[in-house]
Amino acid sequence: MITTLAIQLESWVQEEIGAQARLAEALAALEQAVRAGTRAPIIPAGAALEAELAGAPAREARRRVLLGRLAAAFGLPAQALTLTRIAARLEAEQHDTSRLAGLRAELRVTVAGVARSARRLAAVAQYHRGFLDELCRVLLDKDANPAAGQLVDARG
């Protein structure tokens, strides 16, 4: 039973690596579209990102079920299981974990890249939001001090 669960875990990790790689591609395309400054490429890039994110709940549900089965097999709470702990437990039970270790490392690198891309995109969005907020304040407040702007030079 443990061997079957280990195989299923490897399969899930491979699926997650693929999903995270596609997410990284979608984020990169959206970031490129946003930086280009034209609206047209942003819409399909945003739709592609949305499509990738739509698969996350199903993958998460499969992960929870798998972790529940592993937790039951190991006699541990599911919340205590991580890939590192699972690999250690499998190794202690004489299962080959070299493939899982490689997949775990690949997943870690892929997820770190997604996180970096998401942070960059969030920073660009934060800047744009601040710029637009300030622009609206300047345009709507006729008595505003034009020198008070930080992002918009409204001194005509």
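Every chain begins its residue count from 1, and numbering advances along the sequence as written. Where local features are concerned, this predicted model is filtered to residues with pLDDT of at least 70; where side-chain atom pairs are given and counted, the filter is 80 or more; whole-chain, interface and lining totals use all residues. Note: side-chain values were computed over all heavy atoms of the structure, leaving out hydrogens and water.

Looking at the side chain of Ser117
This is how the line gets drawn: Segments assigned H or I by DSSP are reported as helices when at least four residues long, segments assigned E as strands when at least two residues long, and all are numbered from the N terminus. In what follows, a contact means two residues having at least one pair of non-hydrogen atoms within 4.5 Å.
For Ser117, the location among the structural elements is in helix H5 (residues 98-140). Apart from residues lying up to four places away in sequence, Ser117 is in contact with Leu27 and Glu31.

Focus: the packing of helix H3 (residues 56-74) against helix H4 (residues 83-92)
As a reminder, the rule being used: The axes are straight lines fitted to the C-alpha atoms, using for helices just the contacting stretch, and the angles between their N-to-C directions are given from 0 to 180°. For classification purposes, an angle smaller than 35 degrees is called roughly parallel, one larger than 145 roughly antiparallel, one from 65 to 115 roughly perpendicular, and anything else oblique. By the definition used in this description, the sense in which the near helix is turned from the far one sets the handedness, with an anticlockwise turn below a right angle giving left-handed and a clockwise turn giving right-handed. Asp, Glu, Lys and Arg are counted as charged, while Ala, Val, Leu, Ile, Met, Phe, Trp, Tyr, Cys and Pro are counted as nonpolar; the rest, among them Gly, fall into the polar class.
Close contact between H3 and H4 brings their axes to 12 Å; oriented N to C, the two are set at 40°. As judged from the angle between their axes, H3 and H4 are oblique. As for the relative orientation of H3 and H4, their crossing is left-handed in sense. Between H3, through Leu67, Leu70 and Phe74, and H4, the contact on the second element is made entirely by Ile86, Arg89 and Leu90. Counted by class, the contact of H3 with H4 contains 5 nonpolar, no polar and 1 charged residues.

What about the packing of H4 against H5?
If you want to describe how two helices pack, look at the angle between their axes and the distance between the axes. The geometry of H4 relative to H5 is characterised by a closest axis approach of 10 Å and an angle of 175° between their N-to-C directions. Taken together, the axis directions place H4 and H5 in an arrangement best described as roughly antiparallel. Along the contact surface, H4 presents Leu83, Thr84, Ala87 and Leu90, while H5 presents Leu100, Arg104, Leu107 and Arg108.

Looking at unusual backbone geometry
Put simply, the rule is: Three exposure classes are used, based on accessible area relative to the maximum for each residue type with a 1.4 Å probe and protein chains only: buried under 20%, partly exposed in between, and exposed over 50%.
Although it is not a glycine, Gln94 adopts a positive phi angle of roughly 70°. Mapped onto the fold, Gln94 is located in the loop between H4 and H5. On the basis of relative accessible area, Gln94 is assigned to the exposed category, the value being 70%.

Some remarks on the pattern of salt bridges
We apply this condition: When a carboxyl oxygen of Asp or Glu lies within 4 Å of a side-chain nitrogen of Lys or Arg, that pair is called a salt bridge.
Tallying each qualifying case throughout the model produces 9 salt bridges. Between Arg64 and Glu60 there is a salt bridge, and its shortest N-O distance comes to 3.4 Å. Here the residue Arg64 and the residue Glu60 both occupy positions in helix H3, the gap between them amounting to 4 residues, near one helical turn.

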